[in-house]
Amino acid sequence: MPRSLFRTRIKFCGLTRAGDVRLASELGVDAVGFVFAQGSPRRIHAAEARALREALAPLVDAVAVFRDNSAEEVREVVRQVKPSLLQFHGGEDDAFCRRFDLPYVKAVAMGAGAPASGPALLAAFPGASAFLFDSHGGGHDGGSGRCFDWSALPAGLGRPFLLSGGLTPDNAHDAVATTQPWGVDVSSGIETAPGLKDGERMRAFVSEVRRADCRPDDDATSPEGGAR
Ligand SMILES: O=C(O)c1ccccc1NCC(=O)[C@H](O)[C@H](O)COP(=O)(O)O
C-alpha cells in the first residue's frame, strides 16, 4: 500500500479513568489498553475495566493486557469486559494465548537485547494477530517509559507489529518514520503519573503520529501493511 494512504494505528495503554477513555476516543485513537498484570501501578480489576469500557466510543477497541495471569483471571476479564483483543506480556505460549477464542497480540521483550528472528517468533506464536515490541526484559517491566534500539527489530515477521516502549510526543514522529509500524503503543509518555493520562500529551502524541503519516509526496510502499 502507498504510504500516503496508510494510517498508523494508535493504542493508548494503561488507562484507569473514564475521562481519559473518552478523550482517547475523541482523538481518534484505535484502541485503549486496560492492564491486569499483577504488580503494575496501572493494574485495574475486571469490574473497573467493565465500567471504563462503557466510556469507550463505538469502533474503538478495548485491549486486555496480561502478564502471566491465570487462565481463570483471563476468562473472568473476557466475560466481564468483553475486550476485542488480548495482549500477553509474560511467558505465555501460543497454546495459552489461543485458549480464549479472541485475537491476541504477543509482546516481545526487547530489553534484554535482540529477540529471536522474525520467522522464529512466528513459528513460536503462529496464532498471534500481531507482535508488540516493547522494552521489558532484562529486569525491566512493561510500561517502563524506556526506549529500545529500534534497529534491533526483527525482519521476516510476516505479521503486523506495534512499536512500543518509551514513546512520547517528542519521539513519536521519528519512531513512525523510522520503523513504519502497523501501530504504536504508548503509556508513560502521555502520563503525569502511572495510570493518569495527560490531555495535552495525548493530543500531542496523536498529532505527531499523524504528522509522520502525512507524507503525500512519499510514494514508498509499506510492506504487507506494517509487517516486517
Ligand atoms: O503498563 C504497565 O504497567 C504494564 C505492566 C506489566 C505488563 C505490561 C504493561 N504495559 C503494557 C503496555 O502495552 C505498555 O503500553 C507498554 O509497555 C509501553 O509502555 P511505555 O514504555 O510506558 O510507553
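Residues numbered from 1 in each chain as written. Predicted model: local features only at pLDDT ≥ 70, side-chain atom pairs only at ≥ 80, totals over all residues.

## Some words on the overall build of the protein chain
On a plain count of helices and strands, the protein chain comes out with 7 helices and 10 strands. In terms of C-alpha radius of gyration, the protein chain reaches 16 Å, essentially the compact-globule figure of 17 Å for 228 residues. Summarising its shape, the C-alpha atoms of the protein chain cover approximately 45 × 40 × 30 Å along the three principal directions. Buried positions account for 41% of the 228 residues belonging to the protein chain. For the protein chain, contacts bridging at least 24 residues in sequence account for 65% of all contacts bridging at least 6. (Helix = DSSP H or I, 4+ residues; strand = E, 2+ residues; numbered from the N terminus. Rg over C-alpha atoms; globule rule 2.2 N^0.38 Å. Buried ≥ 20, exposed ≤ 12 C-beta atoms within 10 Å, placed from the backbone. Contact = placed C-beta atoms within 7 Å.)

## Remarks on the sheet that holds strand S5 (residues 104-109)
In spatial order, the strands read S1-S2-S3-S4-S5-S6-S7-S8; together these 8 strands close into a barrel with parallel pairing. Going from strand to strand, the sheet's axes swing by 25° on average, the running direction of each strand aside. As paired elements, strand S4 (residues 85-88) and S5 share 3 bridges and run parallel to each other. Within S5, the residue paired with Leu86 across the bridge is Tyr104. (Pairing = 2+ DSSP bridges. Axes fitted to C-alpha atoms, helices over the stretch in contact; angles between N-to-C directions.)

## What about the nonpolar core?
Counting residues in hydrophobic clusters, the biggest one holds 58 residues, and the most contacted among them are Phe12, Phe34, Phe131 and Val184. If we skip the residues at most four places from it in the chain, Phe34 touches Leu15, Ile44, Ala49, Leu52, Ala62, Ala64, Val65 and Val81. (Core = buried A, V, L, I, M, F, W, Y, C linked by C-beta atoms within 7 Å.)

## A look at the site of the ligand
Not every one of the 27 residues close to the ligand is listed here, only the nearest: Cys13, Ser40, Gly142, Gly143 and Ser188. Elements with a minimum of two residues in the shell around the ligand: strand S2 (31-35) and strand S8 (183-186). Residues of the shell around the ligand, tallied by class, amount to 7 nonpolar, 15 polar and 5 charged. (Near = placed C-beta within 6 Å. Nonpolar A, V, L, I, M, F, W, Y, C, P; charged D, E, K, R; others polar.)

## Topic: the UniProt feature "domain: N-(5'phosphoribosyl) anthranilate isomerase (PRAI)" (unreviewed entry) in the protein chain
The UniProt record marks residues 11-207 with the feature "domain: N-(5'phosphoribosyl) anthranilate isomerase (PRAI)" (unreviewed entry), using the residue numbering of this structure. Helix makes up 29% of residues 11-207 and strand 21%, with an end-to-end C-alpha separation of 14 Å. (UniProt positions renumbered as here; feature names shortened; annotations may be inferred.)

## Structural notes on helix H7 (residues 199-213)
In a regular helix each residue adds 1.5 Å, so 15 residues correspond to 21 Å; H7 covers 21 Å between its end C-alpha atoms and thus fits that length. If you follow the buried residues of H7, they end up packed against strand S1 (9-13), helix H1 (18-26), helix H6 (172-179), S8 and strand S10 (196-197). (Expected span 1.5 Å × (residues − 1).)

## Remarks on the packing of H6 against H7
Where H6 contacts H7, the axes come no closer than 8 Å and their chain directions differ by 35°. The element H6 and its partner H7 pack so that their crossing is right-handed. On H7, the residues that touch Ala172, His173, Val176 and Ala177 of H6 are Phe205, Glu208, Val209, Arg211 and Ala212. The residue inventory of the contact of H6 with H7, partitioned by class, reads 6 nonpolar, 1 polar and 2 charged. (Left-handed = near helix turned anticlockwise from the far one by under 90°.)

## Examining unusual backbone geometry
Not every positive phi belongs to a glycine, and Leu59 is a case in point at roughly 70°. Among the secondary structure elements, Leu59 is positioned in the loop between helix H2 (46-53) and strand S3 (61-66). Residue Leu59 is classed as exposed on the basis of its 8 C-beta neighbours within 10 Å. A positive phi angle, close to 55°, is found at Asp68, a residue other than glycine. With respect to the helices and strands, Asp68 occurs in the loop between S3 and helix H3 (71-81). Residue classification places Asp68 among the partly exposed residues on the basis of 13 C-beta atoms within 10 Å.

## Details of the pairing of S5
Buried residues dominate S5, accounting for 6 of its 6 residues. Relative to strand S6 (residues 130-134), S5 is paired through 5 bridges, and the arrangement is parallel. Residue pairing across strands places Ala109 opposite Asp134, the latter belonging to S6. Running through helix H5 (residues 118-124), the crossover from S5 to the neighbouring parallel element S6 is right-handed. (Right-handed = clockwise from strand over helix to strand, strands pointing away.)

## Points about the confidence of the model for the protein chain
Overall, the prediction assigns the protein chain a mean pLDDT of 92, with 94% of residues at 70 or greater. For this predicted complex, the interface confidence comes out at an ipTM of 0.97, alongside a pTM of 0.94. (pLDDT = per-residue confidence, 0-100.)

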